[in-house]
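Close look at the chain arrangement
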Amino acid sequence: MAPVHEAGARSRRVHLPYGARWLDPFSGRVEEGGTTLDADAPLDRIPVFVREGAGGGGAVPLT
């Protein structure tokens, strides 16, 4: 989880730890670990990345 702390911001720099691939459950996009990216942060959701393979059978609740 990567909450936004800056008023008016609509994105957030997020570092994804090395040694895993990371899933954005909202978009389905998978990112390699060991990278830093600008994650979208619209008002209606917090940027969340889940380690690939975690989440009980691949199901990650979005609400």
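Below you will find a few notes about this structure. (Residues numbered from 1 in each chain as written. Predicted model: local features only at pLDDT ≥ 70, side-chain atom pairs only at ≥ 80, totals over all residues. Heavy atoms only, no water.)

**Thoughts on the overall build of the chain**
When helices and strands are tallied, the chain shows 0 helices and 5 strands. Seen in sequence order, the chain has helices and strands lined up from the N terminus as β-β-β-β-β. When the 63 residues of the chain are sorted by exposure, 24% land in the buried category. Of the contacts made within the chain by residues no fewer than 6 positions apart, 46% connect residues no fewer than 24 positions apart. As presented, the chain carries roughly 4,400 Å² of accessible surface, and 52% of it is formed by carbon and sulfur atoms. (Helix = DSSP H or I, 4+ residues; strand = E, 2+ residues; numbered from the N terminus. Buried < 20%, exposed > 50% of the residue type's maximum accessible area, 1.4 Å probe, protein only. Contact = heavy atoms within 4.5 Å. Areas by Shrake-Rupley, 256 points an atom, 1.4 Å probe, with all protein chains shown as cover.)

**With respect to the environment of arginine 51**
Secondary-structure assignment places arginine 51 in strand S5 (residues 50-51). Judged by relative accessible area, which is 47%, arginine 51 ranks as partly exposed. Here the alpha-carbon distance between arginine 51 and glycine 33, two residues 18 residues apart in the chain, equals 9.1 Å. In this structure arginine 51 touches Ala20, Arg21 and Trp22, once residues within four positions along its chain are discounted.

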